Amino acid sequence: VTSPCKILKCNSEFWAATSGSHHLGTEEAPEFCTALRAYAHCARRTARTCRGDLAYHSAVHGIGDLMGQHNCSKDGPTSQPRLWTLPPGDSQERSDSPEICHYEKSFHKHSAAPNYTHCGLFGDPHLRTFTDTFQTCKVQGAWPLIDNNYLNVQVTNTPVLPGSAATATSKLTIIFKSFQECVDQKVYQAEMDELPAAFADGSKNGGDKHGANSLKITEKVSGQHIEIQAKYIGTTIVVRQVGRYLTFAVRMPEEVVNAVEDRDSQGLYLCLRGCPLNQQIDFQTIRSAQATEGRARRKGPSLPAPPEAFTYETATAKCREKLPVEDLYFQSCVFDLLTTGDVNFMLAAYYAFEDVKMLHSNKDKLHLYERTRDLAPGNMAPSGPLPTLWVALLCLSQCWLCLL
């Protein structure tokens, strides 16, 4: 399922034409205006299909602002101009940002270093929360991952196959809220086959403010891997496209994680609270059934067969190629191969773990082995050593009562 809104393509074309320079000299203004008119024309062409799209409305607003700043007329040529390079001293290269635009320098100047936390979403989809809870969820449609005073992150998950209950992330929207003299509000949006290396307005940093460089996008691998550094809130975000779908990973200080004005709204914040109970899947129980039966099992009845059939044995062998430690990332990989038949889900699990190694501050917590889930009455308990421990404790308590 691909969005008909093509504003990301318009953004990319404008950025390619201007190399992100919004501070050109007067002699280059006509060429910049030509590129801007082409950008506006591209946006108009996709207006009908982008009516409810956040990135579209942000782009239209940005085009209007730039038209005014550079005194560009709406009428004139719209052919693409030559590529520009950043002039010396451009704000994109400024390093003299105010101290308040560097989290560690401003908030923790006379105290211990901040405690960083990690959240990640990948695959079918699997969620690792800021508290190192690991869940496999349905969460079809649009869901908020992060919602605090500084930024919002929303993902959209769509069925992997027609009629399938297996879902994966097809769209991601990140809104960085305006912050003091550091950054203007910026919107980043990615979707299947569109992983831009710029914000929705075509910029690569936090805008025109003095500390704009404290928010920056870096393209690591074209069309496959971008990294966003938000130094003013001590946050690093990694977005990847693996196969057709997206993965998300973030490193964020606890202080920023918990900066929420309305505490009651935190229940909708998946990275903090996890998936709702009715959206969680006990994939370890399914995995055990798959191993016993020696065939792929789906998350719903009478679902179409995956394009490539994996048995439990072939799936485990494939996942072991990239994930030699049989932790929850390995188990997620096996589960995804059996439910989707798409080998790219193995790579999604692999890169998700690579991002954990880069972003998690506690190297002793990289691997997770016991699936965590809040259990309600009637829910199946997770497999593993925990139930055995409870049985042993129960037996000991009964024996103690007998002695009394």
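Residues numbered from 1 in each chain as written. Predicted model: local features only at pLDDT ≥ 70, side-chain atom pairs only at ≥ 80, totals over all residues. Heavy atoms only, no water.

As named in an unreviewed UniProt entry, the protein chain is Repulsive guidance molecule A, taken from Cariama cristata. Database annotation for the protein chain, UniProt heading Sequence similarities (unreviewed entry): "Belongs to the repulsive guidance molecule (RGM) family." The UniProt entry for the protein chain carries the following comment under Subcellular location (unreviewed entry): "Cell membrane". (UniProt positions renumbered as here; feature names shortened; annotations may be inferred.)

Novice: What is the right way to look at the sheet that holds strand β8 (residues 215-221) in this model?
Specialist: Strand pairing in a sheet relies on backbone hydrogen bonds. The paired strands run either parallel or antiparallel. Strand order in the open sheet formed by eight strands is β8-β9-β10-β11-β1-β2-β3-β12, and the pairing between neighbours is antiparallel. The open sheet has two edge strands with one neighbour each: β8 and β12 (280-281). Sheet topology places strand β2 (residues 126-128) next to strand β3 (residues 134-137); three bridges connect them, and they run antiparallel. By the bridge assignment for β3, Arg-128 is matched with Phe-134. Taken strand by strand, helix α10 (residues 344-359) contacts β1 (116-122), β2, β9 (225-230), β10 (235-242) and β11 (245-253), and its axis lies near 165 degrees from that of β10. (Pairing = 2+ DSSP bridges. Helix = DSSP H or I, 4+ residues; strand = E, 2+ residues; numbered from the N terminus. Contact = heavy atoms within 4.5 Å. Axes fitted to C-alpha atoms, helices over the stretch in contact; angles between N-to-C directions.)

Novice: Please clarify how the side chain of Arg-240 should be interpreted in this entry.
Specialist: Along the chain, Arg-240 turns up in strand β10. Judged by its relative accessible area of 10%, Arg-240 is buried. Looking at Arg-240, its side chain comes within polar contact range of the side chain of Asp-355, at 2.8 Å. Those residues within four positions of Arg-240 in sequence are excluded, and the remaining contacts are Leu-195, Gln-224, His-225, Tyr-245, Leu-246, Thr-247, Tyr-351 and Asp-355. (Buried < 20%, exposed > 50% of the residue type's maximum accessible area, 1.4 Å probe, protein only. Polar contact = N/O pair within 3.5 Å; in protein donor to acceptor, adjacent residues only side chain to side chain.)

Novice: Sorry if this is basic, but what is going on with the nonpolar core here?
Specialist: It is characteristic of soluble globular proteins that their nonpolar side chains tend to be buried jointly. One finds Ile-146 and Ile-174 to be the most contacted residues of the largest nonpolar core, which totals 47 residues. Apart from residues no more than four positions distant in its own chain, Ile-174 is found in contact with Leu-151, Asn-152, Val-153, Lys-186, Val-187, Tyr-188, Ile-228, Ile-237, Val-239 and Phe-248. Formed by 24 residues, the second largest nonpolar core is a distinct cluster that contains Ile-7, Ala-35, Leu-36 and Ala-200. (Core = buried A, V, L, I, M, F, W, Y, C linked by side-chain atoms within 4.5 Å.)

Novice: What am I meant to see in unusual backbone geometry here?
Specialist: Peptide bonds are trans in most cases, and residues, glycine excluded, mostly fall at negative phi. Here the phi dihedral of Val-139 falls at roughly 35 degrees; this positive angle occurs in a residue that is not glycine. Along the polypeptide, Val-139 turns up in the loop between β3 and β4 (141-147). Of note in this structure, Asp-193 is not a glycine but carries a positive phi near 65 degrees. Mapped onto the elements, Asp-193 comes out in the loop between β7 (186-191) and β8.

Novice: Help me understand the environment of Ala-17 in this model?
Specialist: Along the chain, the position of Ala-17 falls in helix α1 (residues 7-18). Between the C-alpha atom of Ala-17 and that of Thr-34, which follows or precedes it by 17 residues, the distance is 9.9 Å.

Novice: What exactly am I supposed to notice about helix α9 (residues 328-340) here?
Specialist: In an α-helix there are 3.6 residues to a turn, and that puts residues three or four apart on one side. The terminal C-alpha atoms of α9 lie 18 Å apart, and with 13 residues this matches the ideal 18 Å at 1.5 Å per residue to within 8%. Burial of α9 is extensive: 13 of the 13 residues sit out of reach of the surface. Between a side-chain oxygen at the N-terminus of α9 and the backbone nitrogen of Tyr-329 the separation is 3.2 Å; the capping residue is Asp-327. (Expected span 1.5 Å × (residues − 1).)

Novice: Where do I start with the state of the cysteines in this structure?
Specialist: Defined simply, a disulfide is a covalent bond joining two cysteines at their sulfur atoms. Counted under the stated rule, the structure contains six disulfides. Each sulfur of the disulfide joining Cys-101 and Cys-182 lies 2.0 Å from the other. As the torsion about the S-S bond is roughly -95 degrees, the Cys-101-Cys-182 disulfide counts as left-handed. One end of the pair, Cys-101, is in the loop between α3 (54-69) and α4 (103-107); the other, Cys-182, is in the loop between β6 (167-176) and β7, and 81 residues separate them in sequence. Each of the two residues, Cys-101 as well as Cys-182, counts as buried. (Disulfide = S-S within 2.5 Å.)

Novice: Sorry, what's going on with the packing of helix α8 (residues 312-320) against α9 here?
Specialist: Think of two packed helices as two axes; the pair is described by the angle between the axes and how far apart they sit. Put simply, α8 and α9 touch, their axes get as near as 9 Å, and they point 130 degrees apart. As summarised for this structure, α8 and α9 are arranged oblique, according to the angle between their axes. Considering the relative orientation of α8 and α9, their crossing is right-handed. Facing Tyr-312, Ala-315, Thr-316, Lys-318, Cys-319 and Arg-320 of α8, the residues of α9 in contact are Phe-330, Cys-333, Val-334, Leu-337 and Leu-338. When the residues that make up the contact of α8 with α9 are grouped by side-chain class, the tally is eight nonpolar, one polar and two charged. (Parallel < 35°, antiparallel > 145°, perpendicular 65-115°, else oblique. Left-handed = near helix turned anticlockwise from the far one by under 90°. Nonpolar A, V, L, I, M, F, W, Y, C, P; charged D, E, K, R; others polar.)

Novice: How should the pairing of β11 be read in this particular structure?
Specialist: Side-chain direction in a regular strand flips from residue to residue, so the side chains alternate between the two faces of the sheet. Here β11 lies mainly inside the structure; eight of its nine residues are buried. Two strands pair when backbone bridges link them, and β10 and β11 are joined in this way by seven bridges, in the antiparallel orientation. Opposite Arg-240, over in β11, you have Thr-247 as the bridge partner. Once β10 ends, the chain turns through two residues before running back antiparallel as β11, passing Gly-243 with a positive phi of about 70 degrees.

Novice: Looking at this structure, how should I read the pattern of salt bridges?
Specialist: Close approach of charged atoms allows side chains with opposite charge to pair. For the coordinates displayed, the defined rule picks out eight salt bridges. The partner of Lys-209 in a salt bridge is Asp-184, and the shortest N-O contact between them spans 4.0 Å. Placement of Lys-209 in the loop between β7 and β8 and of Asp-184 in the loop between β6 and β7 is noted, with a sequence separation of 25 residues between them. Under the relative-accessibility criterion, Lys-209 is labelled partly exposed at 22%. (Salt bridge = Lys/Arg side-chain N within 4 Å of Asp/Glu carboxyl O.)

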